Amino acid sequence: MSLAPQNERSNQDRQAWIDDELSARKQAGLLRTQRVRSLQSQAKTIELNGQLLIDFSSNDYLGLAGELSKELHQDPIWNTNWGSGASPLITGRTEAHQELEQELSCFKHAEAALAFSTGYAANVGAITALTGAGDVIFSDAKNHASIIDGCRLSKANVVIYRHNDIDHLSELLAGVTDVRRRLIVTDTLFSMDGDFAKLPQLAELAETHNAMLMVDEAHATGVFGENGRGLAEHFGCEAAIDVSVGTLSKALGSIGGFITGSRLLIDLLVNKARPYIYSTAMPAVCARAGVLALKRVAAEPQRRELLLSNVGHLVSALREAGLISNGDAGAEDGNSQIIPIMLGHPEKALQLSLSLREAGMNVPAIRPPTVPQQESLLRISLSSQHTSTQLDRLVAGLV
Ligand SMILES: Cc1ncc(COP(=O)(O)O)c(C=O)c1O
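What counts and how
Residues numbered from 1 in each chain as written. Predicted model: local features only at pLDDT ≥ 70, side-chain atom pairs only at ≥ 80, totals over all residues. Near = placed C-beta within 6 Å. Helix = DSSP H or I, 4+ residues; strand = E, 2+ residues; numbered from the N terminus. Nonpolar A, V, L, I, M, F, W, Y, C, P; charged D, E, K, R; others polar. Axes fitted to C-alpha atoms, helices over the stretch in contact; angles between N-to-C directions. Parallel < 35°, antiparallel > 145°, perpendicular 65-115°, else oblique. Contact = placed C-beta atoms within 7 Å. Buried ≥ 20, exposed ≤ 12 C-beta atoms within 10 Å, placed from the backbone. Pairing = 2+ DSSP bridges. Domains from an automatic or database assignment. Left-handed = near helix turned anticlockwise from the far one by under 90°. Arc of directions from axis to C-beta. Core = buried A, V, L, I, M, F, W, Y, C linked by C-beta atoms within 7 Å.

1. A few points about the site of the ligand
Around the ligand lies a shell of 14 residues, among which Thr118, Gly119, His144, Ser191 and Ala218 are the nearest. Ranked by residue count, the leading element in the shell around the ligand is helix H6 (residues 119-130), at 3 residues. Class assignment for the residues of the shell around the ligand results in 2 nonpolar, 10 polar and 2 charged.

2. Points about the packing of H6 against helix H11 (residues 263-272)
Axis separation between H6 and H11 bottoms out at 9 Å; the angle between their running directions is 100 degrees. Here H11 runs roughly perpendicular to H6, going by the angle between their axes. Within the contact between the two elements, H6 uses Gly125, Ala126 and Ala129 and H11 uses Leu268, Leu269 and Lys272. Counted by class, the contact of H6 with H11 contains 4 nonpolar, 1 polar and 1 charged residues.

3. Quick word on the pairing of strand E8 (residues 243-247)
When you tally the buried positions in E8, you get 5 out of 5 residues, the bulk of the element. Residues of E8 alternate between two faces, with Val243, Val245 and Thr247 on one and Ser244 and Gly246 on the opposite face, all of them buried. The pairing of E8 with strand E9 (residues 257-261) spans 5 bridges and is antiparallel. Counted as the bridge partner of Val243 is Gly261 from E9.

4. A look at the pairing of E9
Burial within E9 is extensive, with 5 of its 5 residues counted as buried. The two faces of E9 match: Gly257, Ile259 and Gly261 on one face and Phe258 and Thr260 on the other face are all buried.

5. As for the sheet that holds E9
On the basis of which strands lie adjacent, the open sheet formed by 7 strands has the order E3-E9-E8-E7-E6-E4-E5 and mixed pairing. Both edges of this open sheet fall to strand E3 (112-116) and strand E5 (157-161), since each of them pairs with a single strand only. The sheet shows a mean angle of 20 degrees between the axes of neighbouring strands, taken without regard to direction. Strands in contact with helix H7 (residues 145-154) are strand E4 (136-140), E5, strand E6 (182-187) and strand E7 (212-216); relative to E4, the strand with the most contacts, it is inclined by about 160 degrees. Docked against the sheet, H11 engages E3, E8 and E9, running at close to 30 degrees with respect to E3.

6. Brief notes about the domain arrangement of the chain
You can read the domains of the chain as domain 1 (33-62 + 301-398) and domain 2 (67-299). Placing a centre on the C-alpha atoms of domain 1 and another on those of domain 2 gives a separation of 25 Å. The interface is formed by 21 residues belonging to domain 1 together with 15 residues belonging to domain 2. Broken down by element, the residue count for the side of domain 1 that touches domain 2 peaks at 3 residues, all from strand E10 (residues 338-344). In the side of domain 1 that touches domain 2, the residues fall into 11 nonpolar, 6 polar and 4 charged.

7. Remarks on the packing of helix H3 (residues 64-73) against helix H13 (residues 284-299)
The interhelical angle for the contact between H3 and H13, taken along N-to-C directions, is 115 degrees, at an axis separation of 10 Å. In this structure, H3 meets H13 at a crossing whose hand is right-handed. Listed contacts from H13 to Leu64, Glu67, Leu68, Glu71 and Leu72 of H3 are Val285, Arg288, Ala289, Leu292, Ala293 and Arg296. Residues of the contact of H3 with H13, tallied by class, amount to 7 nonpolar, no polar and 4 charged.

8. A short note on the sheet that holds strand E1 (residues 45-48)
Across a sheet, strands are paired by hydrogen bonds formed along the backbone, either parallel or antiparallel in direction. Read across the sheet, 3 strands follow the order E1-E2-E11 without closing on themselves; strand pairing throughout is mixed. Each edge of the open sheet carries a strand with a single partner, namely E1 and strand E11 (361-362). Judged from the 2 bridges that link them, strand E2 (residues 51-55) and E11 form a sheet pairing that is parallel. In the strand pairing of E11, Asp55 is matched with Asn362.

9. Re unusual backbone geometry
A cis amide bond, omega 5 degrees, links Pro368 with the succeeding residue Pro369. Looking at the element boundaries, Pro369 is found in the loop between strand E12 (365-366) and strand E13 (376-381). Positive phi outside glycine occurs at Asn49, with the angle close to 50 degrees. Classification of Asn49 by C-beta neighbours within 10 Å gives exposed; the count is 12.

10. Overview of H3
If you check which residues of H3 are buried, you get Leu64, Ala65 and Leu68. Burial along H3 is one-sided: seen end-on, the buried residues are contained in an arc of 95 degrees. Pointing more than 90 degrees away from the buried face of H3 are the exposed residues Lys70 and His73. Tucked into the core, H3 has its buried residues touching H13.

11. Let's talk about the nonpolar core
Counting 103 residues, the largest nonpolar core has Leu114, Ala126, Leu213, Ile259 and Leu269 as its most contacted members. The greatest single-element share of this core, amounting to 9 residues, is contributed by H13. Residues lining this core come from more than one domain, with at least three contributed by each of domain 1 (33-62 + 301-398) and domain 2 (67-299).

12. Some words on the environment of Met282
Along the chain, the position of Met282 falls in the loop between helix H12 (274-277) and H13. Note: C-alpha distance between Met282 and Gly257 (25 residues apart in sequence) is 9.5 Å. The contacts of Met282, once residues within four sequence positions are left out, are Ser84, Ala115, Ser117, Ile255, Gly256 and Ala287.

Below is the structure:
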């Protein structure tokens with residue numbers, strides 16, 4: 001049914017501000033537009049808007065997304081209901097979800113686990129369940145948007161500490177007395193800069209100030225630690241973590257978020273985490289995909305070894321070419337599969353991304369509001385599946 005011309009006009013009038021806002025974004029080099037990736041895209045060569053490109057943008061760090069779809073086709077779960085039809089506490093939580101939660105708690109050596117439909121929902125759900133008015137959250141300045149949004153929704157007082165600045169956090173913690181609860185929250189592997197949180201020092205501060213410690217291992221799960229449990233395993237400080245968040249959507253090649261911790265914590269989340277309670281459970285097939293991915297992480301450590309050897313190869317080539325300095329990529333004690341090329345102005349990042357696309361490579365430009373105006377960058381995401389020829393081609397495209 002088409003609208004009467006009069007209604008159309010008043011809609012246009014009411015929405016004129018949207019046009020103004022989008023135009024302003026375009027002028028500032030900040031407009032985001034949708035693209036379409038062909039379903040036929042292969043491992044690290046994708047077809048984007050009809051153009052074949054080597055892909056350096058995906059979080060499928062271990063190449064599991066393709067493997068899982070082959071495995072799931074052979075799995076009896078493939079022939080069960082696709083949608084789960086209800087939120088987990090109504091009837092949406094199936095045996096597959098239960099098995100996923102059991103496998104996740106074994107994998108993370110935790111008492112219990114809870115599966116959410118996304119990692120975003122897991123962060124928002126945990127922070128809003130754990131804190132409220134009268135509490136204080138200490139949040140790293142470079143935490144992921146889902147942590148920021150959880151903080152905003154929580155009604156707690158949010159104190160931002162300078163990125164990875166332990167002295168600053170220590171001062172802020174000491175300055176806050178007489179509160180109900182304190183929560184320190186951090187990404188473990190920062191999603192834009194690719195550097196590591198200083199987990200051992202954070203654990204110490206949490207202990208000293210009687211604060212809960214929540215870590216988001218979204219990008220570290222499956223990649224770091226001897227068993228792929230993440231950076232808390234890598235740093236040997238898992239016991240100090242109260243709330244560990246992860247996602248199946250990155251190295252685990254699927255979709256869905258999760259939280260692991262004590263039985264008490266998980267019981268609280270079941271009762272209070274609104275994105276868990278008021279949103280449909282992920283399809284059972286996705287929960288099964290999570291279980292299969294965890295088995296792969298345990299059985300195929302060579303995937304993370306290959307990934308980290310690709311990281312070593314690219315980082316030294318970029319250093320040799322003068323494209324990154326020591327402080328740029330990763331942390332003092334190691335590099336990660338997320339490698340930023342710092343460019344400053346958003347337009348500069350956009351131009352370099354476009355010229356790489358012309359040269360057959362997809363490397364996204366990261367601009368405000370994801371990062372501050374003068375911290376725009378190209379974000380290279382590596383996979384175990386990249387070949388050294390592809391990495392060398394990227395370096396050649398950047399010089
Ligand atoms: C650090 C971090 N946490 C959480 C998320 C959200 O995870 P998901 O994509 O599963 O919602 C992301 C994804 O971009 C992330 O980078």
